[in-house]
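# Descriptive structure summary
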Amino acid sequence: MRNFHSVVEGNTAEQKFINLRGDKIVRKATKEEDIKQHWDVLDSEYGRIDVKAQKRLSRSGSVQNDYHWYELKTVKRPPKWESGKGWGIPNEVPRLIAFELQDRFILVNPEDVIDDLRDRCKELGRGEFLLYRREGRGDLMTMLPVWYLEQNSTAVIHKESETEF
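Residues numbered from 1 in each chain as written. Predicted model: local features only at pLDDT ≥ 70, side-chain atom pairs only at ≥ 80, totals over all residues. Heavy atoms only, no water.

## Concerning unusual backbone geometry
A positive phi angle is found at His 38, which is not glycine, with a value near 60°. Its location among the elements puts His 38 in the loop between helix H2 (31-37) and strand E2 (41-43). Under the relative-accessibility criterion, His 38 is labelled buried at 10%. (Helix = DSSP H or I, 4+ residues; strand = E, 2+ residues; numbered from the N terminus. Buried < 20%, exposed > 50% of the residue type's maximum accessible area, 1.4 Å probe, protein only.)

See below:
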(Lines give C-alpha, C1' and ligand atoms only; values in the text may rest on other atoms or scores of the structure.)
Protein backbone atom coordinates (compact mmCIF):
# COMPACT_ATOMS: atom_id res chain seq x y z
CA MET A 1 0.00 0.00 0.00
CA ARG A 2 1.53 3.27 -1.17
CA ASN A 3 0.18 5.48 1.63
CA PHE A 4 0.50 2.92 4.44
CA HIS A 5 2.67 5.14 6.69
CA SER A 6 0.40 8.16 6.18
CA VAL A 7 -2.67 6.13 7.11
CA VAL A 8 -0.99 4.74 10.24
CA GLU A 9 0.24 8.20 11.27
CA GLY A 10 -3.23 9.66 10.68
CA ASN A 11 -4.92 6.96 12.75
CA THR A 12 -2.33 7.41 15.52
CA ALA A 13 -2.88 11.19 15.62
CA GLU A 14 -6.63 10.66 15.74
CA GLN A 15 -6.26 8.25 18.66
CA LYS A 16 -3.97 10.69 20.52
CA PHE A 17 -6.60 13.40 20.11
CA ILE A 18 -9.33 11.06 21.35
CA ASN A 19 -7.21 10.09 24.36
CA LEU A 20 -6.50 13.74 25.19
CA ARG A 21 -10.15 14.75 24.97
CA GLY A 22 -11.39 11.71 26.91
CA ASP A 23 -15.10 11.82 27.71
CA LYS A 24 -15.52 14.98 25.62
CA ILE A 25 -15.45 12.76 22.54
CA VAL A 26 -19.06 11.91 21.70
CA ARG A 27 -18.29 9.55 18.83
CA LYS A 28 -16.11 8.86 15.81
CA ALA A 29 -17.32 9.79 12.33
CA THR A 30 -18.72 7.10 10.08
CA LYS A 31 -16.67 6.25 7.00
CA GLU A 32 -19.07 8.28 4.84
CA GLU A 33 -18.88 11.30 7.20
CA ASP A 34 -15.10 11.10 7.17
CA ILE A 35 -14.85 10.94 3.36
CA LYS A 36 -17.64 13.31 2.34
CA GLN A 37 -17.85 15.77 5.24
CA HIS A 38 -14.15 15.75 6.21
CA TRP A 39 -14.31 15.12 9.96
CA ASP A 40 -13.07 12.35 12.27
CA VAL A 41 -14.55 12.87 15.73
CA LEU A 42 -17.44 14.71 17.37
CA ASP A 43 -16.27 16.64 20.43
CA SER A 44 -18.84 17.94 22.95
CA GLU A 45 -16.94 21.23 23.36
CA TYR A 46 -15.64 21.94 19.83
CA GLY A 47 -18.03 20.05 17.57
CA ARG A 48 -16.81 18.10 14.54
CA ILE A 49 -13.02 17.81 14.32
CA ASP A 50 -10.85 16.69 11.40
CA VAL A 51 -7.55 15.50 12.91
CA LYS A 52 -4.36 15.93 10.87
CA ALA A 53 -1.13 14.18 11.87
CA GLN A 54 2.26 15.87 11.91
CA LYS A 55 3.52 16.12 8.34
CA ARG A 56 6.54 15.51 6.20
CA LEU A 57 7.41 18.08 3.57
CA SER A 58 7.98 15.17 1.17
CA ARG A 59 7.06 11.48 1.35
CA SER A 60 10.66 10.46 2.01
CA GLY A 61 11.32 13.25 4.53
CA SER A 62 11.09 13.23 8.30
CA VAL A 63 8.08 14.38 10.29
CA GLN A 64 8.57 18.04 11.21
CA ASN A 65 6.85 20.77 13.25
CA ASP A 66 7.27 23.89 11.12
CA TYR A 67 4.64 23.37 8.40
CA HIS A 68 1.39 21.57 7.66
CA TRP A 69 -0.03 20.74 4.25
CA TYR A 70 -3.49 22.29 3.78
CA GLU A 71 -5.66 20.56 1.18
CA LEU A 72 -7.82 22.79 -1.03
CA LYS A 73 -8.90 20.13 -3.54
CA THR A 74 -8.94 16.34 -3.10
CA VAL A 75 -7.38 13.73 -5.35
CA LYS A 76 -9.50 12.30 -8.16
CA ARG A 77 -11.76 9.50 -6.89
CA PRO A 78 -14.22 7.02 -8.36
CA PRO A 79 -16.85 6.66 -9.64
CA LYS A 80 -16.40 9.71 -11.88
CA TRP A 81 -12.67 10.19 -11.18
CA GLU A 82 -13.12 13.84 -10.34
CA SER A 83 -11.57 16.01 -7.67
CA GLY A 84 -13.74 17.43 -4.91
CA LYS A 85 -13.43 20.17 -2.33
CA GLY A 86 -10.56 19.43 0.02
CA TRP A 87 -10.77 19.28 3.79
CA GLY A 88 -9.43 22.83 4.04
CA ILE A 89 -12.45 24.27 2.26
CA PRO A 90 -15.57 25.22 4.22
CA ASN A 91 -18.50 22.95 3.39
CA GLU A 92 -22.06 22.58 4.64
CA VAL A 93 -20.73 20.92 7.80
CA PRO A 94 -19.26 23.20 10.48
CA ARG A 95 -15.98 21.72 11.70
CA LEU A 96 -12.52 22.50 12.98
CA ILE A 97 -9.23 21.05 11.78
CA ALA A 98 -6.87 19.85 14.55
CA PHE A 99 -3.28 20.11 13.30
CA GLU A 100 -0.96 17.89 15.31
CA LEU A 101 2.41 19.16 16.44
CA GLN A 102 4.92 17.52 18.75
CA ASP A 103 3.46 19.07 21.90
CA ARG A 104 -0.06 20.20 20.94
CA PHE A 105 -2.98 20.25 18.54
CA ILE A 106 -3.88 23.59 16.95
CA LEU A 107 -7.58 23.88 16.07
CA VAL A 108 -8.45 26.04 13.06
CA ASN A 109 -11.83 26.79 11.49
CA PRO A 110 -11.58 26.59 7.66
CA GLU A 111 -14.13 29.42 7.41
CA ASP A 112 -11.77 31.71 9.34
CA VAL A 113 -8.84 31.28 6.91
CA ILE A 114 -10.19 30.49 3.45
CA ASP A 115 -10.56 34.09 2.23
CA ASP A 116 -7.08 34.99 3.45
CA LEU A 117 -5.63 31.87 1.80
CA ARG A 118 -7.33 32.76 -1.49
CA ASP A 119 -5.58 36.15 -1.30
CA ARG A 120 -2.18 34.73 -0.29
CA CYS A 121 -1.99 31.59 -2.42
CA LYS A 122 -1.81 32.71 -6.04
CA GLU A 123 1.36 31.21 -7.50
CA LEU A 124 2.19 27.60 -8.28
CA GLY A 125 5.17 26.05 -6.52
CA ARG A 126 6.16 24.00 -3.53
CA GLY A 127 6.57 26.17 -0.47
CA GLU A 128 4.92 28.47 2.02
CA PHE A 129 1.58 29.79 0.66
CA LEU A 130 2.27 28.40 -2.82
CA LEU A 131 -0.24 26.24 -4.68
CA TYR A 132 1.04 22.70 -5.22
CA ARG A 133 -0.44 19.97 -7.42
CA ARG A 134 0.72 16.40 -7.78
CA GLU A 135 0.85 15.36 -11.41
CA GLY A 136 -2.18 13.36 -12.54
CA ARG A 137 -3.85 13.43 -9.11
CA GLY A 138 -6.13 16.46 -9.54
CA ASP A 139 -5.40 17.74 -6.03
CA LEU A 140 -4.39 21.21 -4.87
CA MET A 141 -2.71 22.08 -1.58
CA THR A 142 -0.56 24.67 0.09
CA MET A 143 2.06 24.58 2.82
CA LEU A 144 1.09 26.60 5.91
CA PRO A 145 3.66 27.66 8.49
CA VAL A 146 2.80 26.84 12.10
CA TRP A 147 2.85 30.55 13.01
CA TYR A 148 -0.08 31.05 10.60
CA LEU A 149 -2.05 28.20 12.20
CA GLU A 150 -1.35 29.63 15.68
CA GLN A 151 -2.34 33.13 14.59
CA ASN A 152 -5.66 31.82 13.21
CA SER A 153 -6.42 29.22 15.86
CA THR A 154 -9.76 28.72 17.55
CA ALA A 155 -8.12 26.73 20.34
CA VAL A 156 -4.89 24.96 21.27
CA ILE A 157 -4.92 21.63 23.08
CA HIS A 158 -1.63 20.75 24.72
CA LYS A 159 -0.53 17.16 24.89
CA GLU A 160 0.13 15.84 28.35
CA SER A 161 3.80 15.35 29.02
CA GLU A 162 4.79 11.72 29.11
CA THR A 163 6.61 10.51 32.19
CA GLU A 164 9.23 7.79 31.88
CA PHE A 165 9.38 5.20 34.65
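## Let's talk about the sheet that holds E2
Overall, mixed pairing links the six strands, which are arranged E1-E2-E3-E7-E8-E10 in an open sheet. In this open sheet, the two strands that pair with only one neighbour each are strand E1 (25-28) and strand E10 (153-158). Between one strand and the next, the sheet's axes are offset by a mean angle of 30°, whatever the strand orientation. Examined bridge by bridge, strand E3 (residues 47-52) and strand E7 (residues 96-100) share four bridges and lie parallel to one another. Within the sheet, the bridge partner assigned to Lys 52 lies in E7 and is Phe 99. (Pairing = 2+ DSSP bridges. Axes fitted to C-alpha atoms, helices over the stretch in contact; angles between N-to-C directions.)

## Considering the pairing of strand E9 (residues 140-145)
Of all the six residues making up E9, six are buried; the element is thus mostly covered by neighbouring parts of the structure. Judged by which residues are buried, E9 turns out to be covered on both faces: Leu 140, Thr 142 and Leu 144 on one side and Met 141, Met 143 and Pro 145 on the other are all buried. In terms of strand pairing, strand E6 (residues 67-73) meets E9 through six bridges, oriented antiparallel. Bridge pairing in E9 places Tyr 70 opposite Thr 142.

## With respect to the packing of aromatic side chains
A full pass over the atoms with the stated rule returns six aromatic pairs. Residues Phe 129 and Tyr 148 carry aromatic rings whose centres are separated by 5.2 Å and whose planes lie at 80° to one another, so their mutual orientation is edge-to-face. Separated by 19 residues along the polypeptide, Phe 129 in the loop between helix H3 (110-120) and E9 and Tyr 148 in helix H4 (residues 146-151) bring together distant segments of the chain. Tyr 148 carries the same exposure label as Phe 129, and that label is buried. Here the aromatic cluster, defined as three or more aromatic residues joined through ring pairs, consists of Phe 129, Trp 147 and Tyr 148. One Lys or Arg, Arg 126, reaches over the ring of Tyr 132 and ends 4.7 Å from the middle of that ring. (Phe/Tyr/Trp six-rings, centres within 6.5 Å; stacked < 30°, edge-to-face > 60°. Lys NZ or Arg CZ within 6 Å of the ring centre and 35° of its normal.)

## Section: the pattern of salt bridges
For the structure shown, the criterion picks out 13 salt bridges. Here Asp 50 and Lys 52 are joined by a salt bridge, their closest N and O atoms 3.3 Å apart. By relative accessible area, Lys 52 is classed as buried at 13%. One salt bridge in this structure joins Arg 120 and Asp 116, with 2.8 Å as the shortest N-O distance. Taken together, the positions of Arg 120 and Asp 116, both in helix H3 and four residues apart, correspond to about one turn of that helix. Residue Asp 116 is classed as partly exposed on the basis of its relative accessible area of 28%. Here the salt bridges do not stand alone but share partners, grouping Lys 16, Glu 100 and Lys 159 into one network. (Salt bridge = Lys/Arg side-chain N within 4 Å of Asp/Glu carboxyl O.)

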